[in-house]
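Chains, contacts and geometry: an overview
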Amino acid sequence: MKKITSTLFLVLLLLTRSVMADEGMWFPQLLQQLNAAEMRLKGLQIPTEEIYSVNKNSLKDAVVLFGGGCTGEIISSQGLLLTNHHCGFGEIQSHSSLEHNYLRDGFWAMSEKEELPCPGLTATFIIRIDDVTADFSASLEGLSEQERAAKIKEISARLEKKAVEGTHYEARVRQFYSGNEFYLIVTETFKDVRLVGAPPSAIGKFGGDTDNWMWPRHTGDFSIFRVYANAENKPAEYSEKNVPFKPRHFFSISLKGVQPEDFTMVYGFPGRTQEYISSYQLQTILEVTNPNRIQVRTERLRIMGEAMRSSEALHLKYADKQSGVSNGWKKWKGESKGLESSDGLQKKQYFETDFNAWCAKDPAKMKKYGDVLPSLERLYSGNRPYLSANDFYAEAAMGIEILSFAVGMKAFADLAAKENPDTAALNKEHRGVKGGFEGYFKDYDAPTDCRMAASLLEIFDLSVPDSLKPAYFTELRSRYHRDFGQMAKELFAKSILDDGEKLTNLFSKTPVSCGKTLKKDPAYRLADELISFYRSRIADKVTGLNTELARLNRIYMAGQREMQPDKKFYPDANSTLRLAYGQVRGYDARDAVHFNYYTTLDGLMEKYIPGDEEFDVPSHLIELYNKKDYGRYAVNGTVPVAFIATNHTTGGNSGSPVLNAFGQLIGTNYDRVWEGTMSDIQFNPEICRNVTLDIRYTLFIIDKYAGAQRLISEMDIIP
């Protein structure tokens, strides 16, 4: 009897752990095969074919890759697109000026004619995803890494061409499981996307950097766009003749909200995870990469913050840059803290002990996998100085805008310096560089960048050994007796790269003359010396390391899957369409601290600090709150703002639709809790939570705050 009870207890324990562990970013086309049973157990009420189908319209047809790094969702039959405020931030900023400050005041197009074109912004839909691994497997055996890469490129090109013949679609082959599998992804990209609405930053970015990555959150992190098409409902460049796109599917919106343990899904384009890396790579992240990046970005944020607080004009210039720098800075801090507090490195080491023991039992496995972990150890331990220097070149040297701007001119300047340059190529480079001046200088401030240069050059000098710096840099350092403040002042005083008018005048001359003058500019020369040295001495080393790392990780990934044949492996995120699923649930953040699963407008008002940059609240929202004028979006006398669940998400999932068990939209994913940012490397079901903007708060802002009922009337809203 005791034996039966113990066995039953073990089965129940494993079942409970399976239900709780909502780890995974799954292939939507394989849900029926891999996940359907578990999803139904958690509460899914629709067939998985309604989530992804090639033969009929499905939920996938309403999910959009927004721009290059976020997700969006279609929420009306007229191509209305919902995403995060921080995903649309750059577009909102680009349309803003001191006279029309849409970041500060918000923007609402009250007619289609008022919707603002966003040059360069795209919306990409998935048409289908095909497993093409069999087309590669036999052809790649016995090849060197260089030969393998060439063969993959050759086969991919052939498959991609065949997949889209006679259509306006595009196709790309992507690698999964560290290069052990290949999938062909066919897409449709629309190039006329227009800004429709955005709340003021006091709503869309409420809580600022203080609340970023934290829970509880009260940020109304959304913006609205519209996809336009030509008369045939196909992609087209911007034209006044284009009409709103008619989607294959759009999401219905549910006002029912969520309760604890409710089933949820996140459907989107997660950017990058590293779930299957070795302990040696993780140790490098914890001891080298994250500390380096955090150190530099701490200083960059300090200088940007001082500038932004000094004037509204500088706040507008640096708002988008500061958000990007801060987002990674705080994420890496939380990631390291989470991994350290949960013994993440030790867990990797325990697994590797088991992996080595598994190999040792079988000579064939030992031959195939036995050297992979020792090789990874040698690879990381022998290349730490180069990996560290790589961080400081990227974050410190290229964190100085005048230098990164100069690097962008290098191809042109090098071509102009040739004895007999290709005239057509030279003219093209000349036009390309000159064409970027207006956008660059719109958001550039030379005094701020000069202060940045003084500080970051000193950090660069202290952090990178002289053997990994160009001689020209050490000469400058000696000339100024390590007074980097004076070095920066003179560099900027003598350069024209910080002055849009002077640079435009220079580029009005012949390309050859312009290039020769550019080569003599002191800021250009420093940038040129830094990047040339980096490419010849560091980048090649890091590239070689990454090539070998790719080979070893591919072997290690295959070994992990062979060692655990009953485990369902999901591939690391790589900006391809995935589905994560889980349940609404609070969490215990630390000793004696439990967080509930939702937040409300009442909690937002408790954070309100009049005049504060991060916690001020617009007067109209205060008025609505005082009157309790919530319309149909109220629950228990307030408005729900956000909720958390156990879905496995990462960067790129920003803006993703969060769906209920019936495939209805209940919110927009926009963050993770700080304690759980480690989920890019190790998922901990106890503390990893995704943060969702409740759709009822979004609708409340659109309807009651903005008065944009025309948008509400487009949507299919289910009470």
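Predicted model, so just to flag it, every value in this text is computed and none were measured.

**Considerations on the side chain of Arg 477**
Secondary-structure assignment places Arg 477 in helix H20 (residues 471-479). Leave out the neighbours within four places in its chain, and Arg 477 touches Asp 461, Asp 466, Lys 469, Arg 482, Phe 484 and Met 487.

**Considering the nonpolar core**
Residues Ile 51, Met 265, Leu 601, Leu 621, Tyr 697, Phe 700 and Met 715 are the most contacted members of the largest nonpolar core, which totals 199 residues. In terms of nonpolar packing, the next biggest core, distinct from the first, is built from 15 residues, Cys 359, Val 372, Leu 379 and Tyr 556 among them.

**Structural notes on the state of the cysteines**
Note on terminology: a disulfide is the covalent bond linking the sulfur atoms of two cysteines. Inspection of the entire model under this criterion finds one disulfide. The partner cysteine of Cys 70 in its disulfide is Cys 87, sulfur to sulfur 2.2 Å. Between Cys 70 and Cys 87, the S-S torsion sits near -80°, and that sign places the bridge as left-handed. Linking Cys 70 in strand S2 (residues 70-74) with Cys 87 in helix H4 (residues 85-94), this pair joins segments that are 17 residues apart in sequence. Taking the relative accessible area as the measure of exposure, Cys 70 reaches 12% and is therefore buried. Note on Cys 87: relative accessible area 13%, which makes it buried.

**Considerations on the confidence of the model for the protein chain**
A residue-level look at the protein chain finds 97% of positions with pLDDT of 70 or above and a mean pLDDT of 94. In this model, residues 1-20 is a region of pLDDT below 50 whose contacts with residues beyond four sequence positions or in other chains number ten contacts.

**A short note on H20**
Restricting attention to buried positions, one finds in H20 the residues Tyr 472, Phe 473, Thr 474, Leu 476 and Arg 477. In this fold, the buried residues of H20 make contact with helix H19 (446-463), helix H21 (484-494) and helix H24 (522-563). At the C-terminal side of H20, His 481 shows a positive phi close to 55°.

**Here we look at the packing of helix H14 (residues 384-395) against H24**
For any two helices packed against each other, one specifies the inter-axial angle together with the distance between the axes. Interhelical geometry of H14 versus H24 gives an angle of 135° and a closest axis separation of 10 Å. Taken together, the axis directions place H14 and H24 in an arrangement best described as oblique. In the crossing of H14 with H24, the sense of the turn from one axis to the other is left-handed. Together, Tyr 386, Leu 387, Ala 389, Asn 390 and Tyr 393 of H14 and Leu 530, Phe 533, Tyr 534, Arg 537, Ile 538, Lys 541, Val 542 and Leu 545 of H24 make up the contact between the two elements.

**Some details on the environment of Ile 74**
Position of Ile 74 relative to the elements: it lies in strand S2. Overall, Ile 74 belongs to the buried group, its relative accessible area being 0%. Once the C-alpha coordinates of Ile 74 and Ile 702 are considered, the two residues, 628 residues apart in sequence, prove to be 16 Å apart. Residues in contact with Ile 74, not counting those within four places in the same chain, are Ala 62, Val 64, Gly 79, Leu 80, Leu 81, Phe 125, Val 227, Pro 247, His 249, Phe 250 and Phe 251.

**Description of the pairing of strand S15 (residues 587-590)**
Taken together, the three bridges between S15 and strand S16 (residues 593-595) define a ladder with antiparallel strand orientation. Paired with Tyr 587 across the bridge in S16 is Phe 595. Hairpin connection from S15 to S16: two residues lie between these consecutive antiparallel strands, with Ala 592 at a positive phi of about 70°.

**With respect to the pairing of strand S18 (residues 640-645)**
The buried fraction of S18 is high, at six of six residues. Bridge count for strand S17 (residues 598-600) against S18 is three bridges, and the pairing is antiparallel. Considered in S18, the bridge of Thr 599 is made with Ala 642. Note that S18 and strand S21 (residues 690-694) share four bridges and pair antiparallel. Opposite Ile 644, over in S21, you have Val 691 as the bridge partner.

**Here's the deal with the packing of aromatic side chains**
Counting across every chain of the model gives 38 aromatic pairs. Taken together, a centroid distance of 5.1 Å and an interplanar angle of 25° make the contact between Tyr 440 and Tyr 444 stacked. Here the aromatic cluster, defined as three or more aromatic residues joined through ring pairs, consists of Phe 405, Phe 412, Phe 437, Tyr 440, Phe 441, Tyr 444 and Phe 507. The ring of Trp 332 carries the charged tip of Arg 293 above its face, separated from the ring centre by 3.8 Å.

**So, the environment of Glu 160**
Within the fold, Glu 160 resides in helix H6 (residues 145-164). The spacing of Glu 160 and Asn 230 is 70 residues in sequence and 25 Å in space, taken between C-alpha atoms.

**Things to note about helix H9 (residues 279-310)**
Its 32 residues place the ends of H9 45 Å apart at the C-alpha level, agreeing with the 46 Å of an ideal helix rising 1.5 Å per residue. Of all the bends found along H9, the most pronounced is centred on Ile 285 and spans about 45°.

**Digging into the pattern of salt bridges**
When the charged atoms of two side chains with opposite charge come close together, those side chains can pair. Applying the stated criterion across every chain yields a total of 49 salt bridges. Residue Lys 42 pairs with Asp 22 through a salt bridge whose shortest N-O separation is 2.4 Å. Of this pair, Lys 42 sits in helix H3 (residues 36-42) while Asp 22 is found in the loop between helix H1 (2-20) and helix H2 (31-34), placing the two residues 20 residues apart along the sequence. With its nearest N and O atoms 3.1 Å apart, the salt bridge here joins Asp 414 to Lys 410. Pair noted here: Asp 414 and Lys 410 are both in helix H16 (residues 410-416), with a separation of four residues, about one helical turn. Judged by relative accessible area, which is 27%, Asp 414 ranks as partly exposed. By relative accessible area, which is 11% here, Lys 410 ends up buried. Three or more residues are tied together by salt bridges with common partners; here these are Asp 461, Asp 466, Lys 469, Arg 477 and Arg 482.

Rules and cut-offs
- Residues numbered from 1 in each chain as written.
- Predicted model: local features only at pLDDT ≥ 70, side-chain atom pairs only at ≥ 80, totals over all residues.
- Heavy atoms only, no water.
- Helix = DSSP H or I, 4+ residues; strand = E, 2+ residues; numbered from the N terminus.
- Contact = heavy atoms within 4.5 Å.
- Core = buried A, V, L, I, M, F, W, Y, C linked by side-chain atoms within 4.5 Å.
- Buried < 20%, exposed > 50% of the residue type's maximum accessible area, 1.4 Å probe, protein only.
- Disulfide = S-S within 2.5 Å.
- pLDDT = per-residue confidence, 0-100.
- Axes fitted to C-alpha atoms, helices over the stretch in contact; angles between N-to-C directions.
- Parallel < 35°, antiparallel > 145°, perpendicular 65-115°, else oblique.
- Left-handed = near helix turned anticlockwise from the far one by under 90°.
- Pairing = 2+ DSSP bridges.
- Phe/Tyr/Trp six-rings, centres within 6.5 Å; stacked < 30°, edge-to-face > 60°.
- Lys NZ or Arg CZ within 6 Å of the ring centre and 35° of its normal.
- Expected span 1.5 Å × (residues − 1).
- Bend = angle between axes of the 7 residues up to and from the residue.
- Salt bridge = Lys/Arg side-chain N within 4 Å of Asp/Glu carboxyl O.

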